[in-house]
Amino acid sequence: MKFILLMGLIATTLAIAPVRFDREKVFRVKPQDEIQANIIKDLAKTRELDFWYPDATHHITANMMVDFRVSEQDSQFIQSALDQNQMQYKILIHDLQKEIEKQFDVKEDIPGRHSYAKYNNWDKIVAWTEKMMNKHPKMVSRIKIGTTVEENPLYVLKVGKQDERNKSIFMDCGIHAREWVSSSFCQWFVYQATKSYGKNKIMTKLLDQMNFYVLPVFNVDGYIWSWTQNRMWRKNRSKNRNSRCIGTDLNRNFNASWNSFPNTSNPCGDTYRGIAPESERETKAVTRFIRSHLKSIKAYITFHSYSQMLLFPYGYTSELTPNHKDLAKVAKIGIDALATRYETRYVYGPTASILYPTTGSSLDWAYDLGIKHTFAFELRDKGKFGFLLPESQIKSTCKETMLAVEFIAKYILKHAS
């Protein structure tokens, strides 16, 4: 009996041991032609490659920078295959586990307390939402818009002094679990907006005349999992019928050309779209909230990482939106404003041409719903750290992004009807 209990304890311990990434590598390859692009796709069929950019093999084309993670045991084979085929590549990260640990490069002022200079786990973020509400009762309220499959709350912070009929902007962060700097920005935005009210003319005017609905963590279950079990986790944590694989990519689960890419139908893939549009509890909660506030919501902004881009629709077609010129003008001035702080360079344009074609995205869904100013930020960096941006870059990333968001908000206040 003691032996059985002991084995049970060992099994439990093993089951919850976090994934380690010792000596795993991240390669950057630039295929020169379609033959070389197909070589990468073929390697992905026989070896387990985690694509960081683009996010799936079907997007890979000639002359595209392709970033992917590979296990220690496969890295030698991959390197040999690239050399044999005379492909251009470099190793961005030589030991992923070391980079994960080096990410936490800012010392805590007070251990356990929420910090805008550090990455915060879910418990700290929940406590922070309460703190912001209590600290600024006339300006910040917390709305529970739903729960996740693991019964975690989905909280939106309403920031502003107006009633719900006035113009508003919906912003979300952390739709992909491993993109931590995204959630950091939503926290920074709420902090800076409330802190600068009455001191900064622009922010005071914005908060006096409009509301911001801010969802700091869209994919709560996935975010928790990326902290406790697997730093590289992307999807949510829902169980998939007839599959051992867990999770749906929430940014493929919206009803925007949802079914047009067969490549997103594999439950084991990182870009799995789910069994139906809005099949996921998180997606349902967000779409329900936005629909119920559609009269006031004049812009939708979603934050991702990485690659330093400001994107707008469409992702599911190469056709331009009817207000393409307007979106391009706003994006251009937005990235110019962003660059004034630290000279960080972004590119801008429609998702399908600047990033790669995507289906089922929140960006396209919001636009098709009637919100004619929708944008997606791909925050720092361009690949040196990828999803593991060091904490020492959080503040600078947030400060420069804030300039672009302020500009977009000013434009919406003045021009959106």
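Residues numbered from 1 in each chain as written. Predicted model: local features only at pLDDT ≥ 70, side-chain atom pairs only at ≥ 80, totals over all residues. Heavy atoms only, no water.

Peer 1: For this particular structure, what's the right way to read the nonpolar core?
Peer 2: Among soluble globular proteins, nonpolar side chains are generally buried collectively. In this structure, Val159, Phe170, Phe185, Phe189, Phe212 and Phe377 are the most contacted members of the largest nonpolar core, which totals 80 residues. What phenylalanine 185 contacts, discounting residues up to four positions off in sequence, is Met171, Phe303, Leu379, Cys398, Thr401, Met402 and Val405. By size, the runner-up hydrophobic cluster in this structure holds 35 residues, among which are Ile39, Met232, Leu363 and Leu388. (Core = buried A, V, L, I, M, F, W, Y, C linked by side-chain atoms within 4.5 Å. Buried < 20%, exposed > 50% of the residue type's maximum accessible area, 1.4 Å probe, protein only. Contact = heavy atoms within 4.5 Å.)

Peer 1: Can you walk me through the confidence of the model for the protein in this structure?
Peer 2: One rule of thumb: low pLDDT means the predicted coordinates there are not for detailed reading. For the protein, per-residue confidence averages 94 on the pLDDT scale, and residues scoring 70 or more make up 96% of the total. For residues 1-14, every residue scores under 50 in pLDDT, and the model assigns this stretch zero contacts once sequence neighbours within four places are set aside. (pLDDT = per-residue confidence, 0-100.)

Peer 1: Explanation requested: the sheet that holds strand β1 (residues 25-30) in the structure shown.
Peer 2: Pairing between the strands of a sheet comes from backbone hydrogen bonds, and it takes one of two forms, parallel or antiparallel. Here four strands make up an open sheet; going across it, the order is β2-β3-β1-β4 and the pairing antiparallel. Looking at strand neighbours, the two that pair on one side only are β2 (49-53) and β4 (88-93), the edges of this open sheet. Recorded for the sheet is a direction-independent mean angle of 30° between the axes of neighbouring strands. Across four bridges, the pairing between β2 and strand β3 (residues 66-70) is antiparallel. Bridge pairing in β3 places leucine 49 opposite valine 70. Of the strands in this sheet, β1, β2 and β3 touch helix α2 (residues 34-46), which is tilted by about 135° from β2. Against the sheet, helix α3 (residues 72-84) contacts β1, β2, β3 and β4, and its axis sits at roughly 20° relative to β1. (Pairing = 2+ DSSP bridges. Helix = DSSP H or I, 4+ residues; strand = E, 2+ residues; numbered from the N terminus. Axes fitted to C-alpha atoms, helices over the stretch in contact; angles between N-to-C directions.)

Peer 1: For this particular structure, what's the right way to read the pattern of salt bridges?
Peer 2: When the charged atoms of two side chains with opposite charge come close together, those side chains can pair. On inspection of all chains with the given rule, the structure shows 20 salt bridges. Ionic pairing is found between glutamate 72 and arginine 23, a salt bridge with its closest N-O pair at 2.9 Å. Taken together, the residues span a long stretch of sequence, with glutamate 72 in helix α3 and arginine 23 in the loop between α1 (2-15) and β1 at a distance of 49 residues. Since its relative accessible area comes to 36%, glutamate 72 is described here as partly exposed. For arginine 23, a relative accessible area of 42% corresponds to the partly exposed category. Salt-bridge contacts for aspartate 67 lead to arginine 28; the nearest nitrogen and oxygen are separated by 2.8 Å. Here the residue aspartate 67 occupies a position in strand β3, and arginine 28 occupies one in strand β1, the gap between them amounting to 39 residues. No difference in accessibility class separates aspartate 67 from arginine 28, as the two residues are buried. Bridged by salt links that share partners, the residues Glu24, Asp50, Arg69 and Arg178 form one connected network. (Salt bridge = Lys/Arg side-chain N within 4 Å of Asp/Glu carboxyl O.)

Peer 1: How do you make sense of the sheet that holds strand β9 (residues 297-305) when you look at a structure like this?
Peer 2: Spatially, eight strands are ordered β5-β6-β8-β7-β9-β12-β10-β11 in an open sheet, and the strand pairing comes out mixed. Because the sheet does not close on itself, it has two edges, and the strands there are β5 (140-147) and β11 (347-350). Going across the sheet, the axis of each strand differs from the next one's by a mean of 20°, ignoring polarity. With six bridges connecting them, strand β7 (residues 168-173) and β9 associate as parallel partners.

Peer 1: Looking at this structure, I do not really get the packing of helix α6 (residues 180-196) against helix α13 (residues 394-415). What am I missing?
Peer 2: Between two packed helices, both the angle of their axes relative to each other and the distance between the axes serve to describe the pair. Direction vectors running N to C along α6 and α13 enclose 65°, while the axes themselves pass 9 Å from each other. The handedness of the crossing between α6 and α13 is right-handed. In this structure, α6 uses Val181, Ser184, Phe185, Trp188, Phe189, Gln192 and Ala193 to contact α13, whose residues at the interface are Ile394, Lys395, Thr397, Cys398, Lys399, Thr401, Met402 and Val405. Its residues assigned to classes, the contact of α6 with α13 comprises nine nonpolar, four polar and two charged. (Left-handed = near helix turned anticlockwise from the far one by under 90°. Nonpolar A, V, L, I, M, F, W, Y, C, P; charged D, E, K, R; others polar.)

Peer 1: Which parts of the structure should I look at to understand the state of the cysteines?
Peer 2: By definition, a disulfide links the sulfur atoms of two cysteine residues through a covalent bond. With the rule as written, the count across this model stands at two disulfides. Put simply, cysteine 245 and cysteine 268 are joined by a disulfide, and their sulfur atoms are 2.0 Å apart. Across the disulfide from cysteine 245 to cysteine 268, rotation about the S-S bond amounts to roughly 85°, and the bridge is consequently right-handed. Separated by 23 residues along the polypeptide, cysteine 245 in the loop between α8 (220-228) and α9 (281-292) and cysteine 268 in the loop between α8 and α9 bring together distant segments of the chain. Indicated for the protein is the disulfide connectivity 1-2, 3-4, based on numbering the bonded cysteines in sequence order. No disulfide involves cysteine 398; its nearest neighbouring cysteine sulfur is the one of cysteine 173, lying 8.8 Å away. (Disulfide = S-S within 2.5 Å.)

Peer 1: Looking at this model, I keep getting lost on the pairing of β5. Mind explaining?
Peer 2: Where β5 meets strand β6 (residues 153-159), seven bridges bridge the pair, whose relative direction is antiparallel. Of the residues in β6, the one forming a bridge with serine 141 is lysine 158. Joining the antiparallel neighbours β5 and β6 is a turn of five residues, in which glutamate 151 adopts a positive phi near 65°.

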